[in-house]
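# Residue-level structural notes
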Amino acid sequence: MLPPIEEEKKSLVEQNKILLKENRLLNGHLNILTTKIIFDTKSNLLKLVKNGKISSDIVVSKKFVTDFLKSEINRKTLKILAKEKNPAPIKPKWMYEDITKEIPAENTAERIMVGALGNYAIYFTDYLITHDFTKNIQQHDTINHVCIQLNIKDMKKLYNSVFIGNKLYVE
């Protein structure tokens, strides 16, 4: 009579392992769904919210808050459309207007602006980008965008904490 009990015990242990794995997956999905960013323009903070609790307050320079408020981005809720490590935007065609030579193709080294947006970028629209500070300010200023620039430590933390589809609420 003992062997059937041992088989049942083995079966229950295997089912428990499967349920634990599924639970970890569900918790991961829940974490994705409950993560959001609140851009508090009055206190100059990006608040990272996980599972309903503020996990980080990231200070934003008043200059970037002012630029954001002056911009045409008047929506109160935005979504993360993309994330990019080592972003390398394409140099705009207008930069070649004063040059008599031909405009290089977009995918050539001459057009790619490595370092113009720092090491990490989060795109909310084609126009609003959060990224870390760049030393390549000359190229940065050619990119048509409103940005919320953060120091590298805060930007890396934000980048690693959010997911495509998470929302940014502007207050």
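For the structure, check the block above.
Just so it is clear, the structure is predicted and the values come from calculations on it, not from any experiment.

What counts and how
Residues numbered from 1 in each chain as written. Predicted model: local features only at pLDDT ≥ 70, side-chain atom pairs only at ≥ 80, totals over all residues. Heavy atoms only, no water. Salt bridge = Lys/Arg side-chain N within 4 Å of Asp/Glu carboxyl O. Helix = DSSP H or I, 4+ residues; strand = E, 2+ residues; numbered from the N terminus. Pairing = 2+ DSSP bridges. Axes fitted to C-alpha atoms, helices over the stretch in contact; angles between N-to-C directions. Contact = heavy atoms within 4.5 Å. Core = buried A, V, L, I, M, F, W, Y, C linked by side-chain atoms within 4.5 Å. Buried < 20%, exposed > 50% of the residue type's maximum accessible area, 1.4 Å probe, protein only.

What follows covers the pattern of salt bridges. In the structure shown here, the tally under the stated rule is three salt bridges. Here aspartate 40 ties to lysine 47 by a salt bridge, and the two come within 3.4 Å at their closest N and O atoms. Note that aspartate 67 is salt-bridged to lysine 63, the shortest N-O span being 2.8 Å. With aspartate 67 and lysine 63 both in helix H2 (residues 62-70) and four residues apart, this pair spans about one turn of that helix.

Looking now at the sheet that holds strand E2 (residues 45-50). The mixed open sheet is built from five strands, whose spatial order is E3-E2-E1-E9-E4. The sheet is open, and its two edges are formed by strand E3 (53-59) and strand E4 (77-79), each paired on a single side. Direction aside, neighbouring strands of the sheet carry axes that sit 25 degrees apart on average. In this structure, strand E1 (residues 36-40) lies alongside E2, joined through five bridges in antiparallel fashion. Bridge pairing in E2 links isoleucine 38 to lysine 47. Set on the sheet, helix H4 (residues 152-161) makes contact with E1, E2 and E3; between it and E2 the angle comes to about 35 degrees.

By definition, the strands of a sheet pair up through backbone hydrogen bonds, in either a parallel or an antiparallel sense. Ordered in space as E5-E6-E7-E8, the four strands form an open sheet in which the pairing is mixed. Every other strand in the sheet has two partners, leaving strand E5 (82-85) and strand E8 (146-150) as the edge strands with one partner each. Each strand of the sheet is rotated relative to its neighbour by a mean of 15 degrees, with strand direction disregarded. Here three bridges tie strand E6 (residues 120-123) to strand E7 (residues 128-132), and the two strands are oriented antiparallel to one another. Within the sheet, the bridge partner assigned to isoleucine 122 lies in E7 and is threonine 130. Contacts from H2 reach E7 and E8 within the one sheet, and its direction differs from that of E8 by about 160 degrees. Helix-sheet contacts for H4 involve E5, E6, E7 and E8, and the interaxial angle to E6 is about 50 degrees.

By size, the foremost hydrophobic cluster in this structure holds 26 residues, and its most contacted members are Ile37, Leu46, Leu128, Leu158 and Leu168. Within the residue set of this core, elements represented by two or more residues are E1, E2, H2, E6, E8, H4 and strand E9 (167-170). For this core, the leading source of residues is E8, giving four residues. In this structure leucine 46 touches Ile37, Ile38, Phe39, Ser56, Asp57, Ile58, Val60, Ile148, Leu150, Leu158 and Leu168, once residues within four positions along its chain are discounted. Grouped together as the second largest cluster of nonpolar side chains are seven residues, Ala116, Leu117, Ala121 and Ile143 included.

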